[in-house]
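# Structural description and commentary
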Amino acid sequence: MKVILPFYAMFAIVLLGVWLFLYGIYLGQDILIPLGFSFLFAVLLQPLEDLFQKIKIPRIPAILLSLIIALALIFSLFTFLSYQVSKFMDDLPAIEKNLTTFINNTQQWISETFHFTQQQQQQAIQNAKGNTGDNLKSVAGTTLDVASASLALVALIPIYVFLLMYYRRHLIMFVVSCFEAKNANLVAKVIGRIKYVVQKYVTGLLIETACVAVLNSVGLLLIGAPYAILLGIIGAILNLIPYIGGLIALILTAIVTLSNTGDVNTTILSIVVYFVVQFIDNNFLVPRIIGSSVQLNALVSILAVLIGGTLCGVGGMFLSLPFVAICKVICDHVEELYAWGKMLGDEDSARWNIMKLPARKGRGKK
């Protein structure tokens, strides 16, 4: 006789399972984050591999060619950004001078408005420096250790990508064989849908990022902001972090513009440029380029980004949405998880119709 647990017991079991799952991600983040990025790259490069195989290139050379092209594009972008950053570093003395002038003017305004003398302000700043200065060496050492470990893990990503592409069929057959034979068609359908969602999402995200970078750079160039191309590209990259990245990019651009020019009007215009680009991105680019590939509501998206950042840092923020979208695909095709898929979906995809909900076992007529 099959035992049906009460709701509160099932809810407690689900919460415990989710907590253990998230804790496992936290413990294994050093392994899972590179694997996550490698999975996305492997799925993204599969059409290129298929194209090479269509022109009679053997499979292993096709995979290597796809990987080399991707690495060349990433290296070119990194080289360009390094050149822009070097120009920024050359102007640091002028930036420091402008920033000092702005701070002095701000302190004078505070002194005249709030009667908080510059000596008192300097003392408060010195106290703040004293509270954090003692930990700078330990923080710097920890940062270097983390950076070294991160570089070592990043170096493994091309290897992971090659192996995932090479053993793709083997891994798919393993997943299919984990379920009963009668469910083989359903499992294959879910795997195909996951591949479609990931490919469309990642490809659309790259196109959207390129468009945002161009719009940011053109807008900043028109208002005469310094390092327009560098800030435009960095803003587009940060925009990959949903909701939070755009805010970070706006603040960074405002600080760099203000410290470099000392002009409040130019700084305000740079903020206006980012607001306009964000409006265009959210209302035109995302719906048309990415479309409905990731049908997640805003609340779930924000929570996923925050949880991913808390568990795995910036890498977790980038990976949160595509992997939550994968979870939604699975929930949409598993009867017991149907409600979770609707909960994760957006307003349009979550039209609740109680007459069309799948019948749950044990809830039929008495």
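In this section: the overall build of the chain. Across its full length, the chain holds 13 helices and zero strands. Listing each helix as α and each strand as β along the chain from the N terminus yields α-α-α-α-α-α-α-α-α-α-α-α-α. Burial analysis of the chain (366 residues in total) assigns 31% to the buried set. Nonlocal contacts in the chain, meaning residues at least 24 apart in sequence, comprise 67% of its contacts between residues at least 6 apart.

Moving on: the side chain of Thr253. With respect to the helices and strands, the residue Thr253 is situated in helix H10 (residues 244-261). Here Thr253 falls in the buried class, since its relative accessible area comes to 2%. Look past the residues within four positions of Thr253 in its chain and what remains in contact with it is Leu220, Leu231, Ser270 and Tyr274.

Within the fold, Arg168 resides in helix H7 (residues 168-177). Each residue touching Arg168, except ones within four places of it in the same chain, is listed here: Gln46, Glu49, Asp50 and Arg59.

At their nearest, the axes of helix H2 (residues 29-54) and helix H12 (residues 298-333) sit 10 Å apart, and the two run at 50° to each other. Taken together, H2 and H12 sit at an angle that is classed as oblique. Once H2 is placed against H12, the crossing between them reads as left-handed. Counted together, Gln29, Ile33, Gly36, Phe37, Phe39 and Leu40 of H2 and Leu311, Cys312, Gly315, Gly316, Phe318, Leu319, Pro322, Phe323 and Ile326 of H12 form the full contact between these two elements. For the contact of H2 with H12, the class distribution of residues is eleven nonpolar, four polar and no charged.

On to the environment of Asp50, then. Position of Asp50 among the secondary structure elements: in helix H2. Note on Asp50: relative accessible area 26%, which makes it partly exposed. Once the C-alpha coordinates of Asp50 and Ile63 are considered, the two residues, 13 residues apart in sequence, prove to be 9.0 Å apart.

The next point concerns H2. Counted at 1.5 Å a residue, the expected span for H2 with its 26 residues is 38 Å, and the 37 Å between its end C-alpha atoms agrees. The sharpest bend along H2 measures roughly 35° and falls at Gln46, with the proline Pro47 sitting one to four residues further on. Every buried residue belonging to H2 is among Ile33, Pro34, Gly36, Ser38, Leu40, Ala42, Val43, Leu45, Gln46, Glu49 and Phe52, and all of these are buried. One or two positions beyond H2, positive phi appears at Lys56, with a value near 70°.

Once that is clear, we can look at the packing of H2 against helix H8 (residues 184-222). With their axes 9 Å apart at the nearest point, H2 and H8 run at an angle of 90° to one another. Our classification of the angle between H2 and H8 gives roughly perpendicular. Taking contact as the criterion, the partners of Phe39, Leu40, Val43, Leu44, Gln46 and Pro47 in H2 are, on H8, Lys195, Val198, Gln199, Val202, Thr203 and Leu206. Class assignment of the residues belonging to the contact of H2 with H8 gives a composition of eight nonpolar, three polar and one charged.

Right, let's talk about a nonpolar patch on the surface for a bit. Together, Ile60, Leu64, Ile68, Leu156, Ile159, Leu163, Tyr166, Tyr167 and Leu171 line one region of the surface with nonpolar side chains, adding up to about 750 Å² of accessible area. When residues of the nonpolar patch are traced back to their parent elements, those giving at least two are helix H3 (59-90) and helix H6 (136-166). With four residues, the single largest contributor to the nonpolar patch is H6. Tracing the chain through its elements places Tyr166 in helix H6.

In the predicted model, the chain carries a mean pLDDT of 77, and 75% of its residues have values of at least 70. Here residues 362-366 is modelled with pLDDT under 50, and outside its nearest four sequence neighbours on either side it reaches one contact, counting other chains as well.

Evaluation of the coordinates by the stated rule reveals four salt bridges. For Glu180, the salt bridge goes to Lys182, with nearest N and O atoms at 3.5 Å. Accessibility expressed as a relative area gives 68% for Lys182, which makes it exposed. Bridged by salt links that share partners, the residues Glu49, Arg59 and Arg168 form one connected network.

Right, let's get into unusual backbone geometry. Even without glycine at this site, Lys56 takes up a positive phi of about 70°. Secondary-structure assignment places Lys56 in the loop between H2 and H3. For Tyr227, which is not a glycine, the phi torsion comes out positive at approximately 50°. The residue Tyr227 is located in the loop between H8 and helix H9 (228-238) in this model. Judged by its relative accessible area of 13%, Tyr227 is buried.

Attention now goes to the nonpolar core. Judged by nonpolar contacts, the single largest core of 23 residues is most densely connected at Ile194, Val198 and Val324. Where this core is concerned, the elements lending two or more residues are H2, H8 and H12. When residues of this core are assigned to their parent elements, the largest contribution, ten residues, is made by H12. Apart from residues lying up to four places away in sequence, Val324 is in contact with Leu296, Val300, Ala304 and Leu344. By size, the runner-up hydrophobic cluster in this structure holds 19 residues, among which are Val212, Leu220, Ala225 and Leu238.

In this section: the packing of aromatic side chains. The final tally for this structure, using the stated rule, is four aromatic pairs. Their ring planes at 5° and their centres at 5.3 Å tell us that Trp19 and Tyr23 sit as a pair that is stacked. Of the two residues, Trp19 and Tyr23 are both situated in helix H1 (residues 7-27); the distance of four residues between them amounts to about one turn of the helix. For Tyr23, a relative accessible area of 41% translates into the label partly exposed. Centre to centre, the rings of Tyr166 and Tyr167 are 4.9 Å apart; their planes meet at 85°, and the pair counts as edge-to-face.

What counts as what
- Residues numbered from 1 in each chain as written.
- Predicted model: local features only at pLDDT ≥ 70, side-chain atom pairs only at ≥ 80, totals over all residues.
- Heavy atoms only, no water.
- Helix = DSSP H or I, 4+ residues; strand = E, 2+ residues; numbered from the N terminus.
- Buried < 20%, exposed > 50% of the residue type's maximum accessible area, 1.4 Å probe, protein only.
- Contact = heavy atoms within 4.5 Å.
- Axes fitted to C-alpha atoms, helices over the stretch in contact; angles between N-to-C directions.
- Parallel < 35°, antiparallel > 145°, perpendicular 65-115°, else oblique.
- Left-handed = near helix turned anticlockwise from the far one by under 90°.
- Nonpolar A, V, L, I, M, F, W, Y, C, P; charged D, E, K, R; others polar.
- Expected span 1.5 Å × (residues − 1).
- Bend = angle between axes of the 7 residues up to and from the residue.
- Patch = residues over 30% accessible without salt bridge, like charges linked within 9 Å, V, L, I, M, F, W, Y side chains within 5 Å.
- Areas by Shrake-Rupley, 256 points an atom, 1.4 Å probe, with all protein chains shown as cover.
- Salt bridge = Lys/Arg side-chain N within 4 Å of Asp/Glu carboxyl O.
- pLDDT = per-residue confidence, 0-100.
- Core = buried A, V, L, I, M, F, W, Y, C linked by side-chain atoms within 4.5 Å.
- Phe/Tyr/Trp six-rings, centres within 6.5 Å; stacked < 30°, edge-to-face > 60°.

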